[in-house]
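One-letter residues, chain by chain:
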Amino acid sequence: MALMNPLKVLDHSFKSQMEAEQFFYGIRDKYLAIGGDIKDSADFDLLCELYVKYCEYTDWPLPASPIAFYTRNISRGVGPKGGTTQGFVVKFNNGSEQEFSAKRAIRALASR
């Protein structure tokens, strides 16, 4: 079962994708509650590693160096199949921003 694949992000080892998702969703929920940028912290280091490896493993180009992350409500889809979810946004040193899915990133890392 794919969700059982172990993975490691920096010094954090996860026995399964589900365990990793719960961990990163905990970070997401914490910053949704307090607001502000995630930078200069262990949370930033973990998110940066997750995002950079995700880009590397999926051949997604990095537009610049990540300098911070934040969380926000993100619209997905339109009409009856649409909705809103909470997610991460990465800020780059060139001023651009990009939403990213922790779940998809975790899946990419676990597949290696």
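In what follows, the structure referred to is the one given above.
Note that the structure is a prediction, hence the values are computed from the model and not measured.

### Digging into the pairing of strand β5 (residues 97-100)
So, point 1. Here 4 bridges tie strand β4 (residues 83-92) to β5, and the two strands are oriented antiparallel to one another. Across the sheet, residue Phe88 finds its bridge partner in β5, namely Phe100.
So, point 2. Connecting the antiparallel pair β4 and β5 is a turn made up of 4 residues, with Gly95 showing a positive phi of about 95°.

### Considerations on the pattern of salt bridges
So, point 1. Under the counting rule described, the total for this entry stands at 5 salt bridges.
So, point 2. Measuring nitrogen to oxygen at the nearest pair gives 2.8 Å for the salt bridge that ties Asp43 to Lys30. Taken together, the residues span a long stretch of sequence, with Asp43 in helix α2 (residues 42-58) and Lys30 in helix α1 (residues 17-34) at a distance of 13 residues.
So, point 3. A residue is classified by how much of its surface remains accessible, and Lys30, at 40% relative accessible area, is partly exposed.
So, point 4. Lys91 serves as the salt-bridge partner of Asp37, at 3.0 Å between the closest nitrogen and oxygen. Here Lys91 lies in strand β4 and Asp37 lies in the loop between α1 and α2, a separation of 54 residues in the sequence.
So, point 5. With relative accessibility at 31%, the residue Asp37 sits in the partly exposed group.
So, point 6. Lys91 sits in the partly exposed class, given a relative accessible area of 22%.

### A closer look at α1
Since the α-helix advances by 3.6 residues per turn, residues separated by three or four positions end up pointing in the same direction.
So, point 1. With 18 residues, α1 extends 26 Å from end C-alpha to end C-alpha; this agrees with the ideal 26 Å at 1.5 Å per step.
So, point 2. When α1 is considered as a whole, its buried residues turn out to be Gln17, Ala20, Glu21, Phe24, Ile27, Arg28 and Tyr31. All buried residues of α1 project into a common sector of 125° when viewed along the axis, lining one side. Turned more than 90 degrees from where α1 packs its buried face, Gln22, Ala33 and Ile34 sit exposed.
So, point 3. Along its buried surface, α1 packs onto β1 (7-9), β2 (12-14), α2, β3 (66-76), β4 and α3 (102-110).
So, point 4. Following α1 by one or two positions, Gly35 adopts a phi angle in the positive range, close to 75°.

Criteria and cut-off values
- Residues numbered from 1 in each chain as written.
- Predicted model: local features only at pLDDT ≥ 70, side-chain atom pairs only at ≥ 80, totals over all residues.
- Heavy atoms only, no water.
- Pairing = 2+ DSSP bridges.
- Helix = DSSP H or I, 4+ residues; strand = E, 2+ residues; numbered from the N terminus.
- Salt bridge = Lys/Arg side-chain N within 4 Å of Asp/Glu carboxyl O.
- Buried < 20%, exposed > 50% of the residue type's maximum accessible area, 1.4 Å probe, protein only.
- Expected span 1.5 Å × (residues − 1).
- Arc of directions from axis to C-beta.
- Contact = heavy atoms within 4.5 Å.

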